[in-house]
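Chain by chain, the residues:
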Amino acid sequence: MKHIFFKVITCALFLFCVLPLAAKKPIKALLITGQNNHYWQGSYPLLTELMENSGYFTVDVAQSPAHGESMDQFILDFTPYDLVVLDYNGDAWPETTNQNFLNFVKKGGGVVVYHAADNAFPNWKEYNEIIALGGWEGRNEKSGPWVYWKDGGLVKDYSPGAGGSHGERYPYTMTCRNTSHPITKGLPTEWMHFTDELYDRMRGPGNIKTLLYTASSDATKGGSGREEPLMFTVDFGKGRIFHTMLGHVGPNNDHAAVECVGFQVTFLRGCEWAATGKVTQKIPDNFPTATQTSTQKIK
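Q: Explain the overall build of the chain to me, please; I cannot follow it from the model alone.
A: The helix and strand inventory of the chain stands at four helices and twelve strands. Computed over C-alpha atoms, the radius of gyration of the chain comes to 18 Å, within 12% of the 19 Å expected from 2.2 N^0.38 for 299 residues, which places it in the range of a compact globule. Counting only C-alpha atoms and orienting by the principal axes, one finds that the chain spans roughly 45 × 45 × 40 Å. In the chain, of all internal contacts separated by at least 6 residues, the share reaching a separation of at least 24 is 72%. Put simply, the chain shows about 12,200 Å² of open surface, and 50% of that area lies on carbon and sulfur atoms.

Structure follows, in structure tokens:
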């Protein structure tokens, strides 16, 4: 399978029809995909459509070779972009791409870590500092502590054990832990996220800058029984990173999680903030509440 690089340049009205007109110069974003333990063939078109339909972004998609094929030609130039969206969990990138990516972030580039992208590259020190928390792929106490919310603050637990798990999928309450951050400002303190995986027992450096949302991982549904950090920001060099663990996509139209209005709004606000340091998007009237989920198709 050859390395494919293509551009999606449709800029339509945002599907909610409630956002202000986008800036004259849209934010240029690069979305990296092509390998994942999740259904990347479904996730990247949905994310691309969501971003472009908002009117705030133009999106290029960099699709890697298939798992096990040579990655030697997967050399990416990040300099044209304001934002990199990671929808990738697979084979190591070439060292040139690694260094180009680190230079992009260190110099102030924005990054969005989406869902299973925090499973990637367990042995790449700088990448794990960029994502702050990761799971699976052999992560354990050597990767850093478990990090979770307890008694009003984040706890770093250095006990031995595997990093990364989740129970069954179900709707759960997102609880805001910082209401003044540009991404969360004006959003409900609590809102119901639609049926999704709830990542728990995540491990890593734990260098979270601003914790935005947590959710309770229900032990009766196979979860950790802890209040888990699911959305936060990270600083790396001059770069801004927005990490969201929400948004499971599987085959056969299994993408209800990304049809959650709460996911869509926080994802887009996180993208804008990572790229610019600001959020100018309005909050739609159909945003979920503390007791009611809200969904809307992307396409």
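Once the structure has been displayed, the description carries forward.
Q: What's the story with the layout of surface pockets in this structure? I'm lost.
A: Summary: where empty space remains is shown by rolling a probe the size of a single water molecule over the atoms. Each pocket or cavity is described by its volume, and for the largest pocket that value is around 190 Å³. Considering the residues around the largest pocket, the lining is formed by 13 residues, among which Phe-78, Thr-79, Asn-103, Phe-104 and Lys-107 are closest to the centre. The greatest single-element share of the lining of the largest pocket, amounting to three residues, is contributed by helix α2 (residues 95–106). Partitioned by chemical class, the residues of the lining of the largest pocket number four nonpolar, six polar and three charged.

Q: Just to check I follow, could you spell out unusual backbone geometry for this structure?
A: Although it is not a glycine, Ala-132 adopts a positive phi angle of roughly 70°. Along the chain, Ala-132 falls in the loop between α3 (125–131) and β6 (146–150). Positioned with a positive phi, Arg-201 is a non-glycine residue whose angle comes to about 55°. In this structure, Arg-201 sits in the loop between β9 (190–196) and β10 (210–216).

Q: I'm lost on helix α1 (residues 40–53) in this one. Help?
A: Within an α-helix, residues lying three or four positions from one another point in the same direction, as the helix has 3.6 residues per turn. Here α1 contains 14 residues, and its C-alpha end-to-end distance of 20 Å stays within 8% of the 20 Å for a straight helix at 1.5 Å per residue. Of all 14 residues making up α1, eleven are buried, and the element is well covered by its neighbours. Those residues of α1 lying buried are Trp-40, Gly-42, Ser-43, Tyr-44, Leu-46, Leu-47, Thr-48, Leu-50, Met-51, Glu-52 and Asn-53. Phi turns positive, to about 85°, at Gly-55, one or two residues after α1.

Q: Help me out: how do you make sense of the packing of aromatic side chains in this one?
A: Across all of its chains, the model carries 20 aromatic pairs by this definition. Measuring from ring centre to ring centre gives 6.1 Å for Trp-40 and Tyr-44, while their planes differ by 20°; the resulting arrangement is stacked. Of the two residues, Trp-40 and Tyr-44 both sit in helix α1, four residues apart, roughly one turn of that helix. Using a relative accessible area of 11% as the deciding quantity, one classes Trp-40 as buried. Centroid distance Phe-121 to Trp-124: 5.3 Å. Interplanar angle 65°. Geometry classified as edge-to-face. Of the two residues examined, Phe-121 and Trp-124, each falls in the buried class. Among the aromatic residues, ring-to-ring pairing joins Phe-78, Tyr-88, Trp-93, Phe-101, Phe-104, Phe-121, Trp-124 and Tyr-127 into one connected group.

Q: Would you explain the pattern of salt bridges in this entry?
A: Once the charged atoms of two side chains with opposite charge are near each other, the side chains can pair. Counted under the stated rule, the structure contains seven salt bridges. A salt bridge links Arg-177 to Glu-227; the shortest N-O distance between them is 3.4 Å. Residue Arg-177 is located in the loop between β8 (170–176) and β9, and its partner Glu-227 is located in strand β11 (residues 227–236); the two are separated by 50 residues in the primary sequence. Here Arg-177 falls in the partly exposed class, since its relative accessible area comes to 31%. The shortest N-O distance in the salt bridge between Asp-200 and Arg-201 comes to 3.5 Å.

Q: What is the right way to look at the confidence of the model for the chain in this model?
A: Atom-level detail of predicted coordinates should not be read off regions where pLDDT is low. Of all residues in the chain, 92% have pLDDT values of 70 or greater, and the mean over the chain is 93. Low pLDDT, under 50, characterises residues 1–23; the predicted model gives this stretch 65 contacts beyond four residues in sequence or across chains.

Q: Any chance you could explain the packing of α1 against helix α4 (residues 261–276) here in plain terms?
A: Helix-helix packing: each pair is described by the crossing angle between the helix axes and the interaxial distance. Across the interface, α1 lies against α4 with an axial gap of 11 Å and an inter-helix angle of 70°. For the element pair α1 / α4, the angle class is roughly perpendicular. In terms of crossing hand, the pair formed by α1 and α4 is right-handed. Across the interface between the two elements, Leu-47, Leu-50 and Met-51 of α1 pack against Phe-263, Gln-264, Phe-267, Leu-268 and Cys-271 of α4. Across the contact of α1 with α4, the residue classes break down as seven nonpolar, one polar and no charged.

Q: It is not clear to me how empty space enclosed by the protein should be interpreted in this structure. Could you clarify?
A: Evaluated as defined, the whole model comprises two cavities of 30 Å³ or more. The space that makes up the largest cavity amounts to roughly 50 Å³. Forming the boundary of the largest cavity are Asn-36, His-38, Tyr-39, Trp-40, Ser-43, Asp-87, Tyr-114, His-115, Ala-116, Gly-247 and Val-249. Its residues placed into classes, the lining of the largest cavity shows five nonpolar, five polar and one charged.

The rules behind each value
- Per-chain numbering applies: the sequence of each chain, read as written, is numbered from 1 onward.
- Local features are withheld for residues below a pLDDT of 70 in this predicted model, meaning they are given only at 70 or higher, and side-chain atom pairs are given and counted only at 80 or more; totals for whole chains, interfaces and linings count all residues.
- As a convention, hydrogens and water are excluded, and side-chain values are obtained from all of the structure's heavy atoms.
- Note on conventions: DSSP H or I runs of at least 4 residues are helices, E runs of at least 2 residues are strands, and numbering of each starts at the N terminus.
- Values of the radius of gyration come from C-alpha atoms, whereas the globule rule sets the reference at 2.2 Å times the count of residues to the power 0.38.
- Contacts are assigned to residue pairs that have any heavy atoms within 4.5 Å of one another.
- Residue-level accessible areas treat just the shown protein chains as cover; the underlying method is Shrake-Rupley with a 1.4 Å probe.
- Cavity means a closed set of points on a 1 Å grid over the protein atoms alone, one where a 1.4 Å probe fits but cannot get out, pocket means an open set with protein on both sides within 12 Å along at least 5 of 7 lines, and lining means a residue has an atom within 4 Å of a point.
- Grid points are joined across faces, edges and corners, and a volume is the space filled by probe spheres set on the points.
- In this classification, Asp, Glu, Lys and Arg are treated as charged, Ala, Val, Leu, Ile, Met, Phe, Trp, Tyr, Cys and Pro as nonpolar, and every other residue, Gly included, as polar.
- An expected span of 1.5 Å times one less than the residue number is assigned to each helix.
- The buried label applies to any residue whose accessible area, calculated with a 1.4 Å probe on protein chains only, is under 20% of its type's maximum; exposed applies above 50%, and partly exposed to all values in between.
- For Phe, Tyr and Trp, where Trp contributes only its six-membered ring, two rings pair if their centres lie within 6.5 Å, and the inter-plane angle classes them as stacked under 30 degrees, edge-to-face over 60, or tilted in between.
- Just to be clear on terms, a salt bridge is a Lys or Arg side-chain nitrogen sitting within 4 Å of an Asp or Glu carboxyl oxygen.
- Within a predicted model, pLDDT stands for the predictor's per-residue confidence, ranging from 0 to 100.
- To get an axis, fit a line to the C-alpha atoms, keeping to the stretch in contact for a helix; angles then go from 0 to 180 degrees between the N-to-C directions.
- By definition in this entry, angles of less than 35 degrees are roughly parallel, angles greater than 145 are roughly antiparallel, angles of 65 to 115 are roughly perpendicular, and the rest are oblique.
- In a left-handed crossing the near helix is turned counterclockwise from the far helix by less than a right angle, and in a right-handed crossing that turn is clockwise.

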